[in-house]
Amino acid sequence: MGSRRPGDLLFLVKASAPGKIILFGEHAVVYGRPALAVPVNQVQVDVEVLNSSAQGVWIHAPIIDLHAELSTLPPDHPIGSVILKVLSSPFLPPSPSGRGAGGEDGIEIRISSTIPVASGLGSGAAVSVAIICALSSFLNRPLTNEQINELVFETEKLHHGTPSGIDNTVITYNMPVYYIKGKPIETFKPGKPFTIVIGDTGIPAPTKESVGDVRRLWLRDTNRFETLFNEVAQISTMARHFIETGRPELLGELMDHNHELLQQMTVSSPELDALVHAARKAGALGAKLSGGGRGGNMIALVEQARAESVAQALQSAGAKRTIITEIK
Ligand code: PMV
């Protein structure tokens, strides 16, 4: 990186984006059924954008050991492609400040994150949301949530094949979301807060693979999978009702049932099943895998007073990390 010249004005803009977890409806959501997801604010991506006297757009993401100028990255690079999307976005009106990537000054983008990668916490979408927010406001051309959501969805498609769009939506809006692909976004508010323990198997599991496998099975046995997806749809609908009417304790049984359906879709794993079992044994009201499956995370519904002991039981059963989060 070149050094800044004395007297240069420093513009620095920061943005962050939370992690997310799917409560109900993963996989079925790809086939048009409803799913519920909530932001997880205990983990997040932070992005700083500042001007620099070095020409070009410099990206620093120490967590993935990335230190590179944008034009040297392959066109399908997850971070490079999202930056290019913002810089060439039709949504961006002309910059009133004159700040931009084409001027004399360069741009430096610093990315840090506490969201584990490929574990079902939405790290990819969170990186994209934070970059888009920081970069567009650095350029003094802020975007609406709707525009951000659309840009992130485009990027998700590059990396996940056929994403439902739930990750980008819940992270962009940073609110609990009842999501049906292609339908207007519905956010919801719990009538009473409730506590979830998230347990990470520590096994990275690319969502693209489990989504692709479910698609192959669905094509082979469409009726059976449609029935499974319909059952999941009923669970998501009931879950939203219980959450909104302040009866979250009723979600436990729904989680257990949703987990069974995900097992039938072949997306659980021995490690996920072990954590789900350990959580229930330690007094959780219900538990299920969350996200793409095969690895990544599971969630358990707990009474607040039991959260620590369930988290400890998960760690003893092999969880590499646990997060206790309140949904409110
Ligand atoms: O693994 P995650 O948390 O990114 O969740 C994937 C959820 C799926 O329903 C399996 C896929 C999708 O695009 O909705």
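Colleague: I'm lost on the packing of helix α5 (residues 207–220) against helix α6 (residues 222–244) in this one. Help?
Modeller: Working note: a packed helix pair is described by the angle between its axes plus the distance between those axes. Contact geometry for α5 and α6: axes closest at 5 Å, N-to-C directions at 120 degrees. Between α5 and α6, the angle falls in the class oblique. Taking contact as the criterion, the partners of Val 214, Leu 217, Trp 218, Leu 219 and Arg 220 in α5 are, on α6, Thr 222, Phe 225, Glu 226 and Phe 229. Broken down by class, the residue content of the contact of α5 with α6 amounts to 6 nonpolar, 1 polar and 2 charged.

Colleague: What am I meant to see in the site of the ligand here?
Modeller: Around the ligand sit 15 residues in total, of which Lys 20, His 27, Ser 164, Thr 207 and Gly 292 are the nearest. In the model, an oxygen atom of the ligand is placed 2.8 Å from a nitrogen or oxygen of the Thr 207 side chain. Protein chains shield 92% of the accessible area of the ligand, which is 380 Å² for the free molecule. Within the shell around the ligand, the residues separate by chemical class into 6 nonpolar, 6 polar and 3 charged. Taken domain by domain, the shell around the ligand gets at least three of its residues from each of domain 1 (2–186) and domain 2 (189–327).

Colleague: In this structure, what is going on with the packing of helix α2 (residues 123–138) against helix α3 (residues 145–160)? I would like to understand it.
Modeller: Running from amino to carboxyl end, α2 crosses α3 at an angle of 135 degrees, the nearest separation of the two axes being 10 Å. When the axis of α2 is compared with that of α3, the two are oblique. The two elements α2 and α3 meet at a crossing, and its hand is right-handed. On α3, the residues touching Gly 124, Ala 125, Ser 128, Val 129, Ile 132 and Cys 133 of α2 are Ile 148, Leu 151, Val 152, Thr 155 and Glu 156.

Colleague: Could you clarify how one ought to interpret the domain arrangement of the protein in this entry?
Modeller: When the parts come together, some accessible area is lost, and that loss is often what is quoted as the size of the interface. Domain boundaries in the protein define domain 1 (2–186) and domain 2 (189–327). Put simply, the middle of domain 1 and the middle of domain 2, counted by C-alpha atoms, are 27 Å apart. Contacts between the two partners involve 31 residues from domain 1, matched on the other side by 47 residues from domain 2. Buried surface at the junction of domain 1 and domain 2, both sides included, amounts to about 3,000 Å², of which 63% is carbon and sulfur. A per-residue breakdown of the area domain 1 buries against domain 2 is headed by Phe 24, His 27 and Tyr 31, which together make up 25% of the total. The residue Arg 33 makes a salt bridge to Glu 226 at a minimum N-O spacing of 2.6 Å.

Colleague: What should I look at first to understand helix α1 (residues 78–87) in this one?
Modeller: Each α-helix winds once per 3.6 residues, and so residues spaced three or four apart point in a common direction. Every buried residue of α1 is accounted for by Ile 79, Gly 80, Ser 81, Val 82, Ile 83 and Val 86. Packing partners of the buried residues in α1 comprise β3 (57–61), β4 (66–69), β5 (106–113), α2 and α3.

Colleague: How should I be thinking about the side chain of Asp 167 in this particular structure?
Modeller: Positionally, Asp 167 belongs in helix α4 (residues 166–173). Not counting residues within four places of it along the chain, the set of residues in contact with Asp 167 comprises Lys 20, Ile 22, Gly 122, Ala 125 and Glu 156.

Colleague: Would you mind showing me how to read the sheet that holds strand β10 (residues 297–302) here?
Modeller: Reading across the sheet, the 4 strands line up as β9-β10-β8-β11 and stay open at both edges, with antiparallel pairing between neighbours. Edge strands, defined here as strands with exactly one partner in the open sheet, are β9 (286–290) and β11 (321–327). Across this sheet, the average inter-strand angle for adjacent strands is 25 degrees, counted without regard to direction. Note that strand β8 (residues 194–200) and β10 share 6 bridges and pair antiparallel. Residue pairing in the sheet places Val 197 in a bridge with Ala 300 of β10.

Colleague: Help me out: how do you make sense of the nonpolar core in this one?
Modeller: Inside soluble globular proteins, nonpolar side chains tend to come together where they are buried. Counting 100 residues, the largest nonpolar core has Leu 23 and Ile 83 as its most contacted members. Of all the elements, α2 adds the most residues to this core, at 10 residues. Both domain 1 (2–186) and domain 2 (189–327) contribute no fewer than three residues apiece to this core. Every residue in contact with Ile 83, bar those within four places of it in the chain, is listed here: Val 57, Ile 59, Leu 70, Ile 109, Ile 131 and Leu 135.

The rules we used
Residues numbered from 1 in each chain as written. Predicted model: local features only at pLDDT ≥ 70, side-chain atom pairs only at ≥ 80, totals over all residues. Heavy atoms only, no water. Axes fitted to C-alpha atoms, helices over the stretch in contact; angles between N-to-C directions. Helix = DSSP H or I, 4+ residues; strand = E, 2+ residues; numbered from the N terminus. Parallel < 35°, antiparallel > 145°, perpendicular 65-115°, else oblique. Contact = heavy atoms within 4.5 Å. Nonpolar A, V, L, I, M, F, W, Y, C, P; charged D, E, K, R; others polar. Near = heavy atom within 4 Å. Polar contact = N/O pair within 3.5 Å; in protein donor to acceptor, adjacent residues only side chain to side chain. Areas by Shrake-Rupley, 256 points an atom, 1.4 Å probe, with all protein chains shown as cover. Domains from an automatic or database assignment. Left-handed = near helix turned anticlockwise from the far one by under 90°. Buried area = accessible area lost by both parts, 1.4 Å probe. Salt bridge = Lys/Arg side-chain N within 4 Å of Asp/Glu carboxyl O. Buried < 20%, exposed > 50% of the residue type's maximum accessible area, 1.4 Å probe, protein only. Pairing = 2+ DSSP bridges. Core = buried A, V, L, I, M, F, W, Y, C linked by side-chain atoms within 4.5 Å.

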